[in-house]
Amino acid sequence: MSITIQSPPWRVGVDVGGTFTDLVIADSEGRTEVFKVPSVPADPGEGVINALATACAALDQSTKKFLGDCQFFLHGSTVATNTLLEGKGATVGLLTTTGFRDSLEARRGLRKDPWDHRTPYPPVLVPRYLRQPVGGRIDAKGSEIEPLELDDVRSACRVFRAEGVESIAVCLLNSFANNSHEKAVAALLHEESGCEWVSVSSDIVPIMGEYERTSTTAVNAYVMPRVASYLTALQERLIRMGLKTKLLMLQSNGGAASLDQLIRQPVNLLLSGPSAGVGAMNHLAAGIGENNLVSMEIGGTSCDVMLMHEGRVAITDSLSVNEYDLVTPSVDIHTVGAGGGTISGLDGAGLMYAGPEGAGARPGPAAYGQGGTRPTVTDAHLVLGRMRPGPYAGGSVSLDMSLAEKAIDKEIADPAGISRVDAAAGLIRIVEQNLLHAVERISIQRGYNPGRFMLIACGGAGPMHGASVGRKLGARAVYVPRQAGAFCAIGMQHANVRRDFVHVVMRELNEEVIDVISEGYKKLEGQALDALKNEGFEKQDTEFGYELDLHYEGQQWDVRVVLDPDANPDDIRDAFEGEYDRQFGHTNPDSRINIAKLRVVGIGKLPALEDLKFDAIDEAVTPIETRPVYSESAGEFLDTPVYRGADLYSGHSFLGPAIVEEVTTTILVGPGDHVSVDELNNYIVTFETED
Amino acid sequence: MDVKSPSKNLDPVLLALTQNRLDHISHQMGWVMVRTARSPIFSQAHDFSCFIAGPTGEVVSQADGIPIHTGSGGFGVRAILRDFGDELADGDVYLLNDPWEAGGNHLPDWVIARPIFVGGEMVGLTCNRAHQSDIGGGAAGAYNPAATDAWSEGVRLPVLKLVEAGTIRKDLWKLLMLNTRTPHLQDGDLRAMLGSTRIGMERVAALVEELGVKTAMDYFAGVLDHADRSVRAEIAKLPDGIYEAEDRSDNDCFEIRDVTVRVKLTIKGDNITVDFTGTDDQILGFKNSSLGNTYSAIFTALASFLDPHLPHNEGAFRCVDVIAPEGTIVNANEGAPTTMCTVFFAHEIIHAVWKSLAQADPERGCAGWAKNVFGISVGKEKSGHPFVFYHGAAAAGSGAVEGRDGFNQIGHVCTLGGLTMPNVEVYEQLYPVIFRRQEFRIDAAGYGKYRGGSGCDYEVDILTPATHSFRGEGLDYETGYGINGGGNGAPGRMHLQHSNGQTEGAPKFGLRRTDAVRFITQSPGGGGYGLPLERDPGSVLRDWRDGIISESVMKNIYGVVAASDGKSVNIAETEDLRAKLRESKA
């Protein structure tokens, strides 16, 4: 393997996915190299170490030397998510206000699909007998109306000890307005509970709404001991091996934070990994001068869709993981069950479906020969000549054409009375329709016209569908990063440190409230600055974003605007009504406006990685082979040139149909699609226009 | 072109693409509605449904929308075809609400329907049914508990041509705005409905153009046929037979007296007949069901019983025959008050259909969802600002099914729990109230292998004088029925505690004005599924540790003995006790 990266200091990004662990190294000049090794689900850290070993072997240097030369080491980890999904978290005790210990279990009645009433809620994270009441009451304005009963905390501690509670969560009513009771409870717990892990709702997420705040705090408490011990052990191991810098973790908000800062707030890690796509989007936007982008990252089981409008990827507060409802700043990602392993078949009444069920890493697609018998997207690509039989994914599996054919014949073609090729092509059409609908959904639901966006096709399986979906969408162009298969790990190379801080206001917008706003911002700025100082940033390397969550009086959801911190009430009203009008198509000029929350986003800027620009070369390129590949638009197999990615440089261009085989992905373009390699050495697919 | 010809030799891929696309379009109409409507009820509670009908008025897609809106959209569309069939033109839009004249379900739900033309041919209609903020009538807010006829509930609309050749009829628009107390909301909401059906119309037209009219119609028919086959396959699995059941309310909105829905369900092969002959006569109050609403309630019961993932288009209903005698509470005569019917008697209809289906297939039986007890408090804040406070958090427990205990605190069965509860902290910000308690009840859940939902203890102080409108359907009698040996959930209770300490029972219906007062409510429990002695002892122990059941219920009903540490089951003693309890029962 020829290595393009040359000289340290290195920047390392490691993304541990369900199937592969991707490690990306950037060198001092901004060149990057991707290393892919199989993940080790039983011990994800082992996958990280294996990836390091592979990279060091390729660089022909010792791990100690390599790690010693690392300037930054960023990590996206699913350990928090898996702890929650697998139900392997801690035994948690919860302290709540007397009379209100059930909000965590009643869940406000929220269910994903009301029609599906037979499916129970996921197990409640804290059983009722470990949800203990504490007397004392704060009212909606933040005034104490009943004093705190600390003896209740003491008796709860006795219960917790007797029940082997490992982690304690505290969420008292209206603590967002006044957290003095929660603070007093926490202080007592630190003295008397003997429990190392305490999560307090006003620290974790000081927002209004006791169900979501309790749920978020409980999830934090539930995953904290395991996440902390796993990540601490990994950091210590890397330091023993020679790493001289702190481990930076990717958070759900798409920014990084050091492990020490996050260890007590692991709830911020539930989207660690997928959220790194934001870094990649930011970088691409700057590099290609386009700031309206939709990314479609397709892996083995699902497709993550993310939207950037005018250079901003939306951050939302609400995240649901396996129906556990969380409020934590998270990149707005819409996920659909459409990936390489997505299963297809006929339902009981003869209708064909594809997804959302997937074959996972095991057994995986039928062609893997690991016991899967149901046809998947990968099997269809094989039958259609889009993928070739034999070793796949770095040789970790081998694709067997006859198994793919058998699965498609048996489950679709024979019972439906259609040909094998029609069945395979149909399977792909249905999946691509799902992808198209997913992109339309994330744009239309949020008030954007999808046709105005450039589509980024990424993930190992994305570029196989990018051109086709882009064409149907009416997208201006489809962009395929050369290292599309390691999109998130690449994205980590472009992440900054980011910490979000929120303060609930709940006041009408008028002249008097301006002081409240500036005081609130001052408090949040202080918090943000402290946090960034702890990360080692000087003031000149920081940046602050100021946001307001606003709504018309009586409404219960907010519209977020980004504004100067010293905006006056008229500016605020204008900004709110502008955004409200964009999203909802009207304004209510007579209505009063309430300020729900203030936010400060603190950014610690890591040194930017320069883009390498490549001069266009004027040299013909020849395909490595021409083979018959099924074309949907032609409705038949066409002789299709296959290019090797390594042969294509900036300046190359050609017309489809064509296949480009890259190290981490395969790109498919249809007849008439125009492919060119830009100066960043990535691919752009454009479509001939009718006029 | 004969659009009624049965579909055959359809490509399964194109069929799937067509169905998915239609469903996507009806979702898309919903997104547009949420984004553009004025009333918060649409973005917060999603109290609307978007659907697409074919050229004969059969609903081909209703992916978006709440259960009690599903299954009856075709009535309105067919009324349009009846009244305007020959003169439907591109650019026209129709509006309707009347249950008798125009195929509506109840007066507050207005339907906007827009015909779709491709190549001069009418290929279908895109429709949006949405709950209006106010429709005139005797009370603000579209619910008039004192109504004894339809005219006191609001304005009755036949099929109206609201938009003619792309232009809104100003005279009609003014008429509508004059007949609502909230024209600023209704103007915006109707425009949002128009916008969502226009987007839907454009998308359906594009689909039909892509496929060609003939092919598109074949595939629309194919989508309906597929739903028909899917439901028939499920019905055919049920044993042939006649299954009878009933469910009752204990009041007619003015007096305490039993009012009963009676169902005779006949399953023969892959057909099903739902016969309401014998159901009680319509009542004075506003719970009477229209035929459209009765269809929706049947559909909700069937779909939730059989398989919630079955298609929700009208093809799914072809194998169902409904006999609903006129003048009864399931098909009230013209002019009867009906506003409350989407909740009650929908609830009783769903229960009665569930009970009869459970006789055909006990394993899939659904225990009863308790009826809600909450009402509304209306008053003025100290600032003089008016408030309307729904006691919605005092929600009841749902019934259990095999494999799932009841939901402890959940919304109405007619939405299958789809309407959710706000946080206490949000209520306390918005209203002059302080909550004192909101916790699961003890020993109120219907016993069973899977127990019912517990219901809740709810206490809230209303801090100002207020007028309370009561809706105590779930009070004083058991409404969450048990099934397959499961027990009924406990009835609800409601008291008012005055500042002088005096407590009085709350009425089931009617209005009451009080000074500051504490509402003390125990919402009713849902029904249990299966015999309590078959409940997993670990789950029983957990319920006891959780305080959902008392020690005596654990022992005497469930036959479970805790080990001395109180953390595990004493298996030997539990087996002995269960054997003894079984014997004494036998």
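Residues numbered from 1 in each chain as written. Chains lettered and ligands numbered in written order. Predicted model: local features only at pLDDT ≥ 70, side-chain atom pairs only at ≥ 80, totals over all residues.

A.B. asks: Before we move on, can you summarise the overall build of chain A with the specific residues and values?
C.D. replies: Helix and strand counts for chain A come out as 17 helices and 35 strands. A globule of 691 residues ought to have a C-alpha radius of gyration of about 26 Å, and chain A, at 26 Å, matches this closely. Judged by the C-alpha coordinates and their principal axes, chain A covers about 80 × 60 × 55 Å. Among the 691 residues that make up chain A, the fraction classed as buried is 52%. Taking as baseline every contact in chain A between residues at least 6 positions apart, the subset at least 24 positions apart corresponds to 67%. (Helix = DSSP H or I, 4+ residues; strand = E, 2+ residues; numbered from the N terminus. Rg over C-alpha atoms; globule rule 2.2 N^0.38 Å. Buried ≥ 20, exposed ≤ 12 C-beta atoms within 10 Å, placed from the backbone. Contact = placed C-beta atoms within 7 Å.)

A.B. asks: Mind laying out the overall build of chain B, listing which residues take part and the relevant values?
C.D. replies: For chain B, the count of helices and strands is 12 helices and 20 strands. Taking 586 residues into account, the globule formula puts the C-alpha radius of gyration at 25 Å, and chain B, at 25 Å, falls close to it. Projected onto the principal axes, the alpha-carbon positions of chain B cover approximately 80 × 65 × 40 Å. Considering chain B as a whole, with its 586 residues, one finds that 59% of them fall into the buried category. For chain B, long-range pairs separated by at least 24 residues make up 73% of all intrachain contacts whose partners lie at least 6 apart in sequence.

A.B. asks: Describe the packing of helix α13 (residues 420-444) of chain A against helix α1 (residues 12-36) of chain B, listing the residues and the values that go with them.
C.D. replies: Two numbers describe how α13 of chain A lies on α1 of chain B: the axes approach to 10 Å, and their chain directions differ by 5°. By the angle between their axes, α13 of chain A is roughly parallel relative to α1 of chain B. Facing α13 of chain A, whose interface residues are Gly426, Arg429, Ile430, Gln433, His437 and Ile444 of chain A, α1 of chain B presents Val13, Ala16, Leu17, Asn20, His24, Gln28 and Trp31 of chain B. Counted by class, the contact of α13 of chain A with α1 of chain B contains six nonpolar, six polar and one charged residues. (Axes fitted to C-alpha atoms, helices over the stretch in contact; angles between N-to-C directions. Parallel < 35°, antiparallel > 145°, perpendicular 65-115°, else oblique. Nonpolar A, V, L, I, M, F, W, Y, C, P; charged D, E, K, R; others polar.)

A.B. asks: Break down the environment of Val433 of chain B for me, citing the residues and quoting the values.
C.D. replies: Residue and element names in this part refer to chain B. Looking at the element boundaries, Val433 is found in strand β14 (residues 433-440). Through-space distance from the C-alpha of Val433 to that of Glu381 is 10.0 Å; in sequence the pair is 52 residues apart. Here Val433 is in contact with Phe389, Tyr427, Glu428, Val460, Asp461, Ile462 and Leu463, once residues within four sequence places are set aside.

A.B. asks: Quick one: what's the story with the confidence of the model for chain B, residue by residue and with numbers?
C.D. replies: Residue and element names in this part refer to chain B. The predicted model of chain B has a mean per-residue pLDDT of 94, with 98% of residues at 70 or higher. In this model residues 1-6 is a low-confidence stretch, pLDDT under 50, and it forms nine contacts with partners more than four residues away in sequence or in other chains. For this predicted complex, the interface score ipTM comes out at 0.94, while the overall pTM is 0.94. (pLDDT = per-residue confidence, 0-100.)

A.B. asks: How would you sum up the sheet that holds strand β6 (residues 131-134) of chain A? Please name residues and give values.
C.D. replies: Residue and element names in this part refer to chain A. Sheet architecture is open: four strands sit in the order β6-β5-β9-β10, paired in parallel fashion. Edge positions in the open sheet fall to β6 and β10 (197-200), since each of these has one partner strand only. Averaged over all adjacent pairs, the angle separating strand axes in this sheet is 20°, with direction ignored. Note that strand β5 (residues 92-97) and β6 share four bridges and pair parallel. In the sheet register, Leu94 faces β6, and the bridge partner there is Arg131. Across the sheet, helix α8 (residues 210-240) is in contact with β5, β9 (167-171) and β10; its angle to β9 comes to roughly 165°. (Pairing = 2+ DSSP bridges.)

A.B. asks: Before we move on, can you summarise the environment of Leu125 of chain A with the specific residues and values?
C.D. replies: Its location among the elements puts Leu125 of chain A in the loop between α4 (103-106) and β6. Exposure remark for Leu125 of chain A: the 24 C-beta atoms within 10 Å place this residue in the buried category.

A.B. asks: Quick rundown of the sheet that holds strand β15 (residues 456-462) of chain B? Include the residues and the values.
C.D. replies: Residue and element names in this part refer to chain B. Pairing is antiparallel in the open sheet, where five strands are placed in the order β14-β15-β20-β17-β18. A single partner strand is all that each edge strand has here, and the edge strands are β14 and β18 (503-505). Averaged over all pairs of adjacent strands, the angle between strand axes in this sheet comes to 15°, irrespective of strand direction. With six bridges connecting them, β15 and strand β20 (residues 517-522) associate as antiparallel partners. Looking at the pairing, Tyr458 lines up with Thr521 of β20.

A.B. asks: Just give me the short version of the environment of Gly119 of chain B, but keep the residues and values in it.
C.D. replies: Residue and element names in this part refer to chain B. As for its placement among the helices and strands, Gly119 is situated in the loop between β4 (109-118) and β5 (121-131). On the basis of neighbour count, Gly119 is assigned to the exposed category, with 10 C-beta atoms found within 10 Å. C-alpha of Gly119 to C-alpha of Val208: the two residues are 89 residues apart in sequence and 9.9 Å apart in space.

A.B. asks: Give a description of the nonpolar core that names residues and reports values.
C.D. replies: One finds Val92, Met296 and Leu455 of chain A together with Val353 of chain B to be the most contacted residues of the largest nonpolar core, which totals 369 residues. Considering each element in turn, this core owes the most residues, 12 residues, to α13 of chain A. Leave out the neighbours within four places in its chain, and Val92 of chain A touches Leu125, Val126, Leu130, Val165, Ser167, Ala169, Ala218, Ala221 and Tyr222 of chain A. (Core = buried A, V, L, I, M, F, W, Y, C linked by C-beta atoms within 7 Å.)

A.B. asks: Go over the pairing of strand β9 (residues 256-268) of chain B, please, and point to the residues and values.
C.D. replies: Residues and elements named next belong to chain B. By the bridge criterion, 10 bridges tie strand β8 (residues 241-251) to β9 in an arrangement that is antiparallel. Looking across to β9, one finds that Arg248 is bridged to Thr260. Hairpin connection from β8 to β9: four residues lie between these consecutive antiparallel strands, with Cys253 at a positive phi of about 85°. Of the pairings in the sheet, the one linking β9 to strand β10 (residues 271-275) comprises five bridges and is antiparallel in character. The residue of β10 that forms the bridge with Lys268 is Asn271.

A.B. asks: Break down the interface of chain A and chain B for me, citing the residues and quoting the values.
C.D. replies: Interface size is often expressed as the accessible area that is lost when the parts come together. Contacts between the two partners involve 53 residues from chain A, matched on the other side by 56 residues from chain B. When residues of the side of chain A that touches chain B are traced back to their parent elements, those giving at least two are α4, α8, β20 (352-358), α13 and α17 (569-584) of chain A. Across the side of chain A that touches chain B, the residue classes break down as 24 nonpolar, 18 polar and 11 charged.

A.B. asks: Could you give an account of the pairing of β10 of chain B, with specific residues and numbers?
C.D. replies: Residue and element names in this part refer to chain B. Only one face of β10 is buried: it carries Ile272 and Val274, and the other face, with Asn271, Thr273 and Asp275, is open. Taken together, β9 and the strand that follows it, β10, pair antiparallel across an intervening segment of two residues, in which Gly269 is found at a positive phi of about 60°. Two strands pair when backbone bridges link them, and β10 and strand β11 (residues 320-323) are joined in this way by four bridges, in the parallel orientation. If you follow Asp275 over to β11, its bridge partner there is Ile323. Where the polypeptide runs from β10 across helix α7 (residues 291-306) and back to β11, its parallel neighbour, the crossover connection is right-handed. (Right-handed = clockwise from strand over helix to strand, strands pointing away.)

A.B. asks: Explain helix α3 (residues 73-84) of chain B to me, and be specific about the residues and the numbers.
C.D. replies: All names here are of chain B. Its 12 residues give α3 an end-to-end C-alpha distance of 17 Å, which sits within 8% of 16 Å, the value for a rise of 1.5 Å per residue. All buried positions along α3 are accounted for by Gly73, Gly74, Phe75, Gly76, Val77, Ala79, Ile80 and Leu81. Check the buried side of α3 and you find it contacts β1 (48-53), β2 (59-61), β3 (93-96), β4, β5 and α7. (Expected span 1.5 Å × (residues − 1).)

A.B. asks: Before we move on, can you summarise helix α10 (residues 537-545) of chain B with the specific residues and values?
C.D. replies: All names here are of chain B. Buried within α10 we find Pro537, Val540, Leu541, Asp543 and Trp544. All buried residues of α10 project into a common sector of 160° when viewed along the axis, lining one side. Note on α10: the residue one or two positions beyond its end, Gly547, has a positive phi of about 75°. (Arc of directions from axis to C-beta.)

A.B. asks: Account for the packing of helix α5 (residues 150-162) of chain A against helix α6 (residues 180-192) of chain A, with residues named and values stated.
C.D. replies: Residue and element names in this part refer to chain A. Packing of α5 against α6 leaves a shortest axis separation of 10 Å and a crossing angle of 40°. Between α5 and α6, the crossing angle belongs to the class labelled oblique. Every pair of crossing elements has a handedness; the one defined by α5 and α6 is right-handed. Each of Leu150, Val153, Arg154 and Cys157 in α5 lies in contact with α6, whose residues at this interface are Ala184, Val185, Leu188, Leu189 and Glu192. Classifying every residue of the contact of α5 with α6 gives seven nonpolar, no polar and two charged. (Left-handed = near helix turned anticlockwise from the far one by under 90°.)

A.B. asks: Go over unusual backbone geometry with me, naming the residues and quoting the values.
C.D. replies: Residues apart from glycine generally show negative phi values, whereas peptide bonds are mostly found in trans. The step from Pro8 of chain A to Pro9 of chain A runs through a cis peptide bond, and the omega angle for that step is 5°. Look at the link from Phe344 of chain B to Phe345 of chain B: it is a cis peptide, with omega at 15°. Tracing the chain through its elements places Phe345 of chain B in the loop between β11 and α8 (346-360). A positive phi angle, near 55°, is found at Arg108 of chain A, a position not held by glycine. Relative to the helices and strands, Arg108 of chain A is located in the loop between α4 and β6. Despite not being glycine, Asp476 of chain B shows a phi value in the positive range, around 75°. Along the chain, the position of Asp476 of chain B falls in the loop between β16 (466-471) and β17 (493-498).

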